[in-house]
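Listed here are the chains, written in short residue letters.
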Amino acid sequence: MQISSNMGAISPAVKNSNIIKPLYTEKISQDEVKEIKEQLNKNSLAMAFNSTTIQSTFSSQDSFEQNYNDFQGFLNDIGYSGKPIAELSKDEAAELVSEDGIFGIKQTSERIANFVINGAGGDEDKLRAGREGMLKGFAEAEKMWGGKLPEISQTTMAKATEMVDKAMHDLGFSIINEEV
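First, a word on what this report is: a plain description of the structure on this page.

Cut-offs and rules
Residues numbered from 1 in each chain as written. Predicted model: local features only at pLDDT ≥ 70, side-chain atom pairs only at ≥ 80, totals over all residues. Heavy atoms only, no water. Salt bridge = Lys/Arg side-chain N within 4 Å of Asp/Glu carboxyl O. Helix = DSSP H or I, 4+ residues; strand = E, 2+ residues; numbered from the N terminus. Buried < 20%, exposed > 50% of the residue type's maximum accessible area, 1.4 Å probe, protein only. Phe/Tyr/Trp six-rings, centres within 6.5 Å; stacked < 30°, edge-to-face > 60°. Core = buried A, V, L, I, M, F, W, Y, C linked by side-chain atoms within 4.5 Å. Contact = heavy atoms within 4.5 Å. Expected span 1.5 Å × (residues − 1). Polar contact = N/O pair within 3.5 Å; in protein donor to acceptor, adjacent residues only side chain to side chain. Axes fitted to C-alpha atoms, helices over the stretch in contact; angles between N-to-C directions. Parallel < 35°, antiparallel > 145°, perpendicular 65-115°, else oblique. Left-handed = near helix turned anticlockwise from the far one by under 90°. Nonpolar A, V, L, I, M, F, W, Y, C, P; charged D, E, K, R; others polar.

Considering the pattern of salt bridges
For side chains of opposite charge, pairing can occur when their charged atoms come near one another.
Here is step 1: Under the criterion given, the structure shown has 6 salt bridges.
Here is step 2: A salt bridge links Lys106 to Glu110, with the nearest nitrogen and oxygen atoms 3.1 Å apart. Linking Lys106 with Glu110, this pair stays in helix α4 (residues 105–120), spanning 4 residues, or about one helical turn.
Here is step 3: Classification of Glu110 as partly exposed rests on a relative accessible area of 28%.

Right, here's the structure in full:
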């Protein structure tokens, strides 16, 4: 069966080309059909691969952007409204972790401890669970870090634990878990 078309005149270069059959008017052999199918298959695989690669690139960027935005939101939630962290100079960063800085030992340990204390609402079991959660979180951070965390982190965690222990003591609860 031959298909013809009334598309108009074709240049001699295209008409005599072995690559493109002029206006689909020639019959093609079984070998040519096989070759076309193979080429279509290769092209579709390449397209799928390229599409997946592009999507993963965009989703990685979207994921990075989402993580960055989440981190910036977290910083805002804890009261940091300064310059983006990645844009800080060495001196500006040092100021943030200084004794009076928002990420210094005092303010960070207070945020951690107050989260547990306020969340417990005076309930002994919740205070114990919160204290345990702090210590487990710290241990997980050390595993992720690959060893002991820096001294500022060690001191911050010790201060936060001290504050929770003091709150438990002030509420009349024994710091030692007697159930164990």
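That shown, we press on.
With respect to the packing of aromatic side chains
Here is step 1: All chains considered together, the criterion is met by 2 aromatic pairs.
Here is step 2: Here the aromatic rings of Tyr80 and Phe103 are separated by 5.6 Å at their centres, their planes lie at 45 degrees, and the arrangement is tilted. Taken as a pair, Tyr80 in the loop between α2 (30–77) and α3 (90–96) and Phe103 in the loop between α3 and α4 lie far apart in primary sequence, 23 residues in all. The pair Tyr80 / Phe103 is uniform in exposure class, with both members buried.

Here's the deal with the nonpolar core
Here is step 1: With 12 residues, the main nonpolar core is built from Ala113, Val116, Ala120, Leu127, Met134, Phe138, Leu149, Met157, Ala160, Val164, Met168 and Phe173.
Here is step 2: Elements represented by at least two residues in this core include exactly α4, α5 (124–145) and α6 (151–170).
Here is step 3: Tallying contributions element by element places α6 first for this core, with 4 residues.
Here is step 4: If we skip the residues at most four places from it in the chain, Ala113 touches Ala160, Met163 and Val164.
Here is step 5: Of all hydrophobic cores here, the second largest spans 6 residues; its members include Leu75, Leu96, Ile102 and Phe103.

With respect to α5
Here is step 1: When the terminal C-alpha atoms of α5 are compared, their 32 Å separation across 22 residues agrees well with the 32 Å that a helix rising 1.5 Å per residue should span.
Here is step 2: Among all positions in α5, only Leu127, Arg128, Gly130, Met134 and Phe138 are buried.
Here is step 3: For α5, the elements touching its buried residues are α4 and α6.
Here is step 4: Backbone nitrogen of Asp125 and a side-chain oxygen of the N-cap are separated by 3.0 Å at the start of α5; the cap is Asp123.
Here is step 5: Backbone geometry just after α5 places Gly146 at a positive phi near 95 degrees.

As for the side chain of Thr161
Here is step 1: The topology assignment puts Thr161 in helix α6.
Here is step 2: When near neighbours in sequence (up to four residues on either side) are disregarded, Thr161 contacts Arg131, Met134 and Leu135.

Regarding the packing of α4 against α6
Between two packed helices, both the angle of their axes relative to each other and the distance between the axes serve to describe the pair.
Here is step 1: Following both chains from N to C, one finds α4 and α6 inclined at 40 degrees, their axes separated by 8 Å at the closest point. In terms of orientation, α4 lies oblique with respect to α6. As for the relative orientation of α4 and α6, their crossing is right-handed in sense. From α4, Ile105, Thr108, Ser109, Glu110, Ile112, Ala113, Val116 and Ile117 reach across to α6, where they touch Ile152, Thr155, Thr156, Lys159, Ala160, Met163, Val164 and Ala167.
Here is step 2: Of the residues belonging to the contact of α4 with α6, the class tally is 10 nonpolar, 4 polar and 2 charged.

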